[in-house]
Amino acid sequence: MMEWALIILFAAAVLLFILSFIKKDSVKVDSQLEQVAITFGDEMNVLQEKIRNIEIDAEITVQEAGILAMSSEKRILLREVLDLHKRGYSFESIALKTKQPEDEIERMLTPYIQTKNERRNVANDI
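Residues numbered from 1 in each chain as written. Predicted model: local features only at pLDDT ≥ 70, side-chain atom pairs only at ≥ 80, totals over all residues. Heavy atoms only, no water.

## Remarks on the overall build of the protein
Stated formally: By the criteria applied, helices consist of DSSP H or I runs no shorter than four residues and strands consist of E runs no shorter than two, each listed in order from the N terminus. Think of it in three bands: with a 1.4 Å probe and only protein chains considered, a residue is buried below 20% of the maximum accessible area for its type, exposed above 50%, and partly exposed in between.
Helices and strands together make up the secondary structure of the protein, namely 4 helices and 0 strands. Ordered by position in the sequence, the α and β elements of the protein form the string α-α-α-α. Looking at the protein as a whole, 9% of its 126 residues are labelled buried.

## Considerations on helix α2 (residues 72-86)
What counts is decided by this rule: Here the expected span of a helix is defined as 1.5 Å times the quantity of residues minus one. Working note: the arc is built from the helix axis to C-beta atom directions.
Between the first and last C-alpha of α2 there are 21 Å, a value that for 15 residues agrees with the 21 Å anticipated at 1.5 Å per step. Looking at α2, one finds that the buried residues are L77, L78, V81, L82 and L84. Across the axial projection of α2, the buried residues extend over an arc of 160°, all falling on one side. When the buried face of α2 is taken as reference, the exposed residues oriented beyond 90 degrees from it are S72, I76, R79 and K86. The first or second residue beyond α2 is G88, which carries a positive phi of 95°.

## Details of the environment of E49
Selection rule: Counting of polar contacts relies on pairs of N or O atoms within 3.5 Å, with two restrictions inside protein: one atom must be capable of donating a hydrogen and the other of accepting it, and residues adjacent in sequence are counted only when both atoms are side-chain atoms.
With respect to the secondary-structure elements, E49 resides in helix α1 (residues 2-65). E49 sits in the partly exposed class, given a relative accessible area of 38%. Here R52 takes part through its side chain, which lies 2.6 Å from a polar atom of the side chain of E49.

## Section: the pattern of salt bridges
Inclusion rule: The rule for a salt bridge is simple: a side-chain nitrogen of Lys or Arg has to be within 4 Å of a carboxyl oxygen of Asp or Glu.
Under the counting rule described, the total for this entry stands at 3 salt bridges. The closest approach of N and O atoms between E49 and R52, which form a salt bridge, is 2.6 Å. Here E49 pairs with R52, and both are found in helix α1, just 3 residues apart, close to one helical turn. R87 serves as the salt-bridge partner of D83, at 2.9 Å between the closest nitrogen and oxygen. For D83, a relative accessible area of 37% puts it in the partly exposed group. Its relative accessible area of 53% is what places R87 among the exposed residues.

## Here we look at a negative patch on the surface
Inclusion rule: For patches, a residue must show more than 30% relative accessible area and have no salt bridge; joins then use 9 Å for like charges and 5 Å for nonpolar side chains, namely Val, Leu, Ile, Met, Phe, Trp and Tyr. In short, Shrake-Rupley with a 1.4 Å probe defines the accessible areas, and a residue's cover is counted only from the protein chains shown. In this tally, Lys and Arg are treated as positive and Asp and Glu as negative; His is ignored, and so are the chain termini. Where a charge lies is defined by one atom per residue type, namely NZ (Lys), CZ (Arg), CG (Asp) and CD (Glu).
Together, E92, E102, D103 and E106 line one region of the surface with negative charge. Broken down by element, the negative patch gets its largest block of residues, 3 residues, from helix α4 (residues 102-125). Note that D103 resides in helix α4. When its relative accessible area of 60% is taken as the criterion, D103 is described as exposed.

Here it is as structure tokens:
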């Protein structure tokens, strides 16, 4: 009877010893997950700060350049037109999609097309 009690106690000790290692591993995993969450949060804060700085820099550039702020509707239209142009749509296709006259689309895109071509010429000259 005493032998059985010793065997049971020994088996319980071994079982508890194994469980203690498993518990340490789960604590390590929890700690690692918490560290990842903190790091991710820090990176998100840095990105938000950079976005804010870019927005502020854009406002400063607009003011320093003396460009009058355009209405939000015109800005949205310009974004859409530029996006379509960069994706390879023709002036005619862009005019149909945006329901604007083709000459207006060409007028809107002219500053961006000239700037792009001028950059290419400068790059080729170097």
